[in-house]
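Fold and geometry: a report
Residues per chain are reported as follows:
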Amino acid sequence: MPEKISGIKSVPIVQREMRLESDRYGVDMLTTAEEVPNDFFPLGLRGKGTGHPDFGFMAVSKYTAERGPGKIWRVTYLYEGYLTSLPEPTYELSGTLSQEPISTHPEFAEFAGTPSAPLNGAVFVDPETGKKTIDDTTGVFREFGISGGRKAGADSYMDPGVLWTKISFTASDPSLRDLGKIDSPQGSPPSLSGRNWMFWETSSRQRGHIIELRETWKISGRGGWDEDFY
């Protein structure tokens with residue numbers, strides 16, 4: 001049956017099949033295949049964001065088109081959204097590593113010692129003169145010298161951390177949190193003694209008639225994020 005699309009004259013579209021699936025987050029995805037005569041192409045295409053004629057909470061996310069025999073275009077549309085209700089939030093946990101100054105290692109004194117009793121070739125200097133010192137009150141770590149064996153030249157270490165991500169969906173523009181602030185993650189993140197969380201990253205993308213929002217928190221190192229800074 002001819003169908004009116006995007007304000008143009010009736011377009012003779014033949015609908016072939018539909019297939020419905022749901023992704024891991026609960027977003028419904030409806031794939032439809034239609035045939036459009038060459039004379040009505042490309043004006044007969046459904047634009048991105050066009051709602052489905054039967055399912056009002058689903059809209060076109062993308063399409064592909066291929067012309068076959070008889071000057072007929074076979075167009076496949078992907079509609080995304082939901083059939084009955086917005087998907088519930090889901091959560092993901094991942095591990096990460098960050099490079100930190102070796103002098104901030106919680107066991108630094110055990111393998112580097114002190115200015116008056118250095119270990120593993122650790123070199124401590126007077127910050128005013130830059131010269132080597134054994135004064136525990138003024139000396140600061142500079143490097144592991146050549147006598148440090150495997151530690152020679154080391155100035156940083158890899159600190160393990162955790163990322164906690166919430167994936168949620170909204171039918172309206174999302175409200176965004178402040179990045180770089182100490183914050184309590186939603187959901188049930190792991191609790192680690194002596195550490196707290198920072199709101200680390202956020203992103204969103206349109207999926208038909210709904211918006212997928214990703215919010216990520218990062219766990220601090222030992223001792224927690226400094227409240228004076230964050």
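What you see is a predicted model; the values in this text were computed from it and never measured.

Criteria and thresholds
Residues numbered from 1 in each chain as written. Predicted model: local features only at pLDDT ≥ 70, side-chain atom pairs only at ≥ 80, totals over all residues. Heavy atoms only, no water. 1 Å grid on protein atoms, 1.4 Å probe; cavity = no way out; pocket = protein on both sides within 12 Å on 5 of 7 lines; lining within 4 Å. Points joined across faces, edges and corners; volume = space filled by probe spheres on them. Helix = DSSP H or I, 4+ residues; strand = E, 2+ residues; numbered from the N terminus. Nonpolar A, V, L, I, M, F, W, Y, C, P; charged D, E, K, R; others polar. Polar contact = N/O pair within 3.5 Å; in protein donor to acceptor, adjacent residues only side chain to side chain.

1. Comments concerning the layout of surface pockets
In this structure, the largest pocket spans a volume of roughly 350 Å³. Elements that contribute at least two residues to the lining of the largest pocket include exactly strand 7 (90–101), strand 12 (156–170) and strand 14 (210–219). Here the lining of the largest pocket gets four residues from one element, more than from any other, and that element is strand 12. Across the lining of the largest pocket, the residue classes break down as seven nonpolar, six polar and five charged.

2. Quick word on unusual backbone geometry
The amide bond that connects F41 to the next residue, P42, takes the cis arrangement and shows omega of 10 degrees. Inspection of the secondary structure puts P42 in the loop between strand 4 (28–37) and strand 5 (58–68). Phi at N120 takes a positive value of approximately 55 degrees, unusual for a residue other than glycine. As for its placement among the helices and strands, N120 is situated in the loop between strand 9 (117–118) and strand 10 (122–125).

3. Focus on the side chain of T133
The topology assignment puts T133 in the loop between strand 10 and strand 11 (140–144). From its side chain, T133 meets the backbone nitrogen of D135 in a polar contact 3.0 Å long.

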